[in-house]
Amino acid sequence: MGLRICLVTPFAWSQPHDVNEHVEGISRELRSLGHTVTVLASSNRARDLAAGRRALLDGLNAEVVALGPAVPISRRSRIGVPVGARANLSLALALGRFDIVHGFEPGLPSLSYLALRDAQAMTVATFLNAERLGYPPGRAQRDRLLGRIDALVVTNEETAEAAAIRFPGEYRVVSEGVDPELFRHGPKRNLIVLEWRPNERALLRGVFHALEELPDWELVLLRTKPLAGRPTIPRFLRDRVHVRTAREGAARAPLLAEASIFVPALAGLERVRLEASASACAIASPPGTREQPELPGAEVARLAEDPDFRERKAERARADAEGQSFADVARELDGLYRSLTERRQAPHRSDDPLADRPWVLCDLHMHTSWSHDCAVDPADLIMHAEAIGLGAIAVTDHNVFGGALETSGLARDHELVVIPGEEVKTDGQGEVIGLFLREEIPRGLSFADTVAAIKEQDGLVYLPHPFDRMHSIADPATLQRHLADIDVFEVYNARLLFDAYNDEALRFARKYNLTMGAGSDAHVLQGVGTGGVRMRAFQGPEEFLLSLRSAQILRRPRSLVYLQSLKWMAQAKERVR
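Remember, it's a predicted structure, so these values are computed and weren't measured experimentally. Residue numbering note: each chain is counted from 1, following its sequence as written. Residue-level local features of this predicted model are given only where pLDDT is at least 70; pairs of side-chain atoms are given and counted only at 80 or more, and the full residue set underlies all totals for whole chains, interfaces and linings. Excluded from the side-chain calculation are hydrogens and water; included are all heavy atoms of the structure.

(A) A look at the state of the cysteines. We call a pair of cysteine sulfur atoms a disulfide when they lie within 2.5 Å. In total, this model carries 0 disulfides according to the counting rule given. Not engaged in a disulfide, the cysteine Cys-374 finds its nearest cysteine sulfur in Cys-362; these two sulfurs lie 17 Å apart. Overall, Cys-374 belongs to the buried group, its relative accessible area being 8%. Residue exposure (1.4 Å probe, protein chains only): buried if accessible area is under 20% of the type maximum, exposed if over 50%, otherwise partly exposed.

Below is the structure:
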């Protein structure tokens, strides 16, 4: 079954660009695999903008949709997207109902960044160049973006190393892709092609020196960037050195087909090197070129003088390009996309098997005096919970289980249901609550071992305040790895300083169809019941999960300053005693 896929490029579709060539190539091959693919981009071409407006009015029925005019993108600017284009992007994401949103170069202030930040679908981010990683500047913004990305992709190892510094995670390396029908082996002649950059004079001088000793050879200086200027060519070489501008693959293909030797620029496009390899050019880029830019000149001389050596290098280059076609890249991305769609949990049943049960109010996260930072007596907790109308509570003290056991024992003569739990501090990956436990779980285990210890007791894994950066929390990669292990995801915690963290948790739970929970995280009696759920009465963990699937999240916030001051007063009183 085909997926609905959205590819978002940060660069104007009306201008040639290596990223757009990558997007266009994989979009074509993904469609051939049966997927519905929509490319979202900007453009400065009037007919593209008019077609984009029509596509938005017609329900996004187009292969490429121009959302607005392109503006220059700077790594130092705040955001390179006009307000109208942002509005059109939001509309397009809503209309498309995409399964996958794939943004390219989201480290730029662009449509790609906004699409990954705002999409409700599964998301993939591809980084192609290590120099396009400057946005967003704030770590909190980067963490929020990273938390919304399901898979990280790069096109080379150098970019992977640079991207991992600003966006830590597990990266998959895929090729930029090449069209083997366009770039193929052709009749070769004594032609050298050098991808030229104005600031790489030493590299150019080395090739000029080699060309002086090769009277039967010609050199083409290939410009692949706009406004690149024109190099200075020695007078005695002007009849054999030519300058060509070819910013698109279709323009480069005839030139590379007849070239015997290709010299990549030090800061050149990886795509052009791949195209030269697919065209069976011998690549003159020996080890140590960055430290000694003159080395490619010596390599050029040897390749020109030794046909056998040149042929071996050309065959090696062509072999390296095999398996890197756009079709190969699309098949690899197809596997990635399908694996991501499996992360979303199955839809909940539409019927309610507990519909005949009465409704109860349940607070799923609170503490007693067994916690180091709480002074609430278990007996007082039971009386207060019943007095405010709660039908069930989960006692989840920090790294101790005695409070849950004591409260459960005292509640036997009451109608209040007490779920025994523990809020366990993991080794560097935040806290995990175990519900319906039988014994204490030690702190300091890894996230995976903590989850396994909860499951060994047939307990339920409840993830508290998952995005509250005022607490120690699990990183995005850990959350992604353990989605299937999380039984309940806390989408409302009444003690959070910033409610945006609750909103982020709600967004995450909806995206993956996770079962939602809520609690007060109360450390004083006055906080009990300020967060919770209205759910059907239940018996045991199985019915508890069934009941949560039809539950309603309750928000009854009170002043956090007031509740926190009561907590501090209680702690001070205990120290005085």
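(B) Structural detail: the packing of helix H8 (residues 249-258) against helix H9 (residues 270-278). Here, axes are lines fitted to C-alpha atoms. For helices the fit covers the stretch in contact, and angles between N-to-C directions go from 0 to 180 degrees. Only DSSP runs of H or I covering at least 4 residues are called helices, and only runs of E covering at least 2 are called strands; the numbering of each starts at the N terminus. Closest axis-to-axis distance for the H8/H9 pair is 10 Å, and the angle between their directions is 40 degrees. When the interaxial angle is binned, H8 and H9 end up oblique. Where H8 crosses over H9, the handedness of that crossing is right-handed. Contacts between H8 and H9 involve Gly-249, Arg-252 and Leu-256 on the former and, on the latter, Arg-271, Val-272, Glu-275 and Ala-276. Think of it as three bins: nonpolar holds Ala, Val, Leu, Ile, Met, Phe, Trp, Tyr, Cys and Pro, charged holds Asp, Glu, Lys and Arg, and polar takes everything else, Gly as well. Among the residues making up the contact of H8 with H9, the classes are represented as 3 nonpolar, 1 polar and 3 charged. Relative orientations are named as follows: roughly parallel for angles under 35 degrees, roughly antiparallel for angles over 145 degrees, roughly perpendicular for angles from 65 to 115 degrees, and oblique for any other angle. Note: crossing handedness is left-handed where the near helix turns anticlockwise from the far helix by less than a right angle, and right-handed where it turns clockwise. Residue contacts are defined here by distance: any two heavy atoms, one from each residue, within 4.5 Å place the two residues in contact.

(C) Quick look at the packing of aromatic side chains. Here is the rule: rings of Phe, Tyr and Trp (six-membered ring for Trp) pair when centre to centre is within 6.5 Å. Planes less than 30 degrees apart are stacked, more than 60 are edge-to-face, and the remainder are tilted. Tallied over the entire structure, the rule returns 10 aromatic pairs. Aromatic side chains Tyr-113 and Tyr-135 sit 5.0 Å apart centroid to centroid with 90 degrees between the ring planes, which places their arrangement in the edge-to-face category. Separated by 22 residues along the polypeptide, Tyr-113 in helix H4 (residues 111-118) and Tyr-135 in the loop between strand S5 (122-127) and helix H5 (139-147) bring together distant segments of the chain. Relative accessible area serves as the criterion here: at 3%, Tyr-113 is assigned to the buried category. Among the residues examined, Tyr-135 registers a relative accessible area of 6% and is labelled buried. Pairing Phe-436 with Phe-544 gives two aromatic rings, centres 5.3 Å apart and planes at 65 degrees, and the pair type is edge-to-face. One end of the pair, Phe-436, is in the loop between strand S16 (431-435) and helix H15 (447-456); the other, Phe-544, is in helix H18 (residues 540-548), and 108 residues separate them in sequence. By the burial criterion, Phe-436 is buried, and Phe-544 matches it. For a ring to carry a charge above it, either NZ of a lysine or CZ of an arginine must fall within 6 Å of the ring centroid while also lying within 35 degrees of the normal to the ring plane. The ring of Phe-309 is capped by Arg-302, whose NZ or CZ atom sits 3.9 Å from the centre of that ring. Seen from the ring of Trp-359, Arg-534 lies directly overhead, with NZ or CZ sitting 4.2 Å from the centre.

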